[in-house]
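Summary of structural features
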Amino acid sequence: MSRAFIITFDGLVALMILFIAIYIASGQNFQPVAPKGVYLKQLTLDTLTVLEKSGRIGMAIEGNSSAARQIMEATGESVCMQISIIQSTGTVIANMKKEGCDAFEKELQVAARPFIYGAESYYVKAESWYDEN
Amino acid sequence: MARKGQIWSVDMIAGIAIITLILLIFILLWNNTAIRWNNSNDYRKMQTDAVFASESLIGTQGEPKSWESFGNISTAEIDAIGLANGRNELNEWKIKKLVDDNASSYSKVKQRLGLQRYEFGFKVMDLEKEGTYYSFGHFAGALNASVNLDRIVMFNGNPAILHLEVWK
């Protein structure tokens, strides 16, 4: 019978598994996304509110979307945004996407509100996401 | 004849040395993981507090609503600080009052925004962030970990940015 020893082969395997698990856990990037998501939502709502209060939605409906784009461009480098103005009939009147933004990333925030301009009802939708490229 | 028993055999010493080494590695890894986790939680808490503070500033008038008419912001009669007339519409008088009392009321303003654990500062800037209309509080140097938030607001009838920086 072999002599007893504190470290057996079973013990070594178990310790190895434990160390690998801790090593993997310690290497993780602990960056929870929840507060960033809340901020992105607030920023999306801010944009809609300011677009409405500054009269820039009306200007975009009339065909001049540069003023609305200026507000979208002010949302920070890491934020992407797309704003659509849709008539009550479903016709898209304007569709603006922030420069340099491509496809939606993992986290998408959407906000919308009705808007009346010239006795016509519209629906303004803002979609935003973080540019992870 | 059996050999005499001995507490400190070579096997025993080697075993204790190996166990000590394993425990040491385990404690170091665990400690590193715990520190990273705590730092991450602290940063997350700071982000959440910064979002709530920015929301108080641009989404509320404060409590009482005309707090800017008080002589001293540090008075106990002021429960909350807000800079808005309406949603996302900044009131210049409220900002001016804060800026004028920056030196004497900074700590109280921090408390009322729920930022007592941190330092903070905010600026009201133009959309291009090239010009600053008003600035309040203290801003972090490059060495400090900070949370930076930009909120889009209306200021004197024009779109502007409220830039908030929270740091430790």
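A brief report on the enclosed structure follows. (Residues numbered from 1 in each chain as written. Chains lettered and ligands numbered in written order. Predicted model: local features only at pLDDT ≥ 70, side-chain atom pairs only at ≥ 80, totals over all residues.)

Things to note about the interface of chain B and chain A
- Chain B puts 30 residues into the contact, and the matching count from chain A is 27 residues.
- Elements with a minimum of two residues in the side of chain B that touches chain A: α1 (10-59), β7 (146-155) and β8 (158-167) of chain B.
- Looking at which element gives the most residues to the side of chain B that touches chain A, the answer is α1(B), with 18 residues.
- Taken together, the residues of the side of chain B that touches chain A break down into 15 nonpolar, seven polar and eight charged. (Contact = placed C-beta atoms within 7 Å. Helix = DSSP H or I, 4+ residues; strand = E, 2+ residues; numbered from the N terminus. Nonpolar A, V, L, I, M, F, W, Y, C, P; charged D, E, K, R; others polar.)

Section: the environment of B:I27
- Within the element layout of this structure, B:I27 appears in helix α1.
- Looking at B:I27, the number of C-beta atoms within 10 Å reads 10, which means it is exposed. (Buried ≥ 20, exposed ≤ 12 C-beta atoms within 10 Å, placed from the backbone.)

Looking at the pairing of strand β1 (residues 79-87) of chain A
Residue and element names in this part refer to chain A.
- Relative to strand β4 (residues 120-130), β1 runs antiparallel, the two sharing nine bridges. The residue bridging Q87 from the neighbouring strand is Y122, located in β4.
- Of the pairings in the sheet, the one linking β1 to strand β2 (residues 92-97) comprises five bridges and is antiparallel in character. Residue S84 lies in a different strand from β2, and its bridge partner there is N95.
- From the end of β1 to the start of β2, which pair antiparallel, there are four residues, and G90 there has a positive phi angle of about 100°. (Pairing = 2+ DSSP bridges.)

From the geometry alone we can't say anything about function, so treat these as descriptive.
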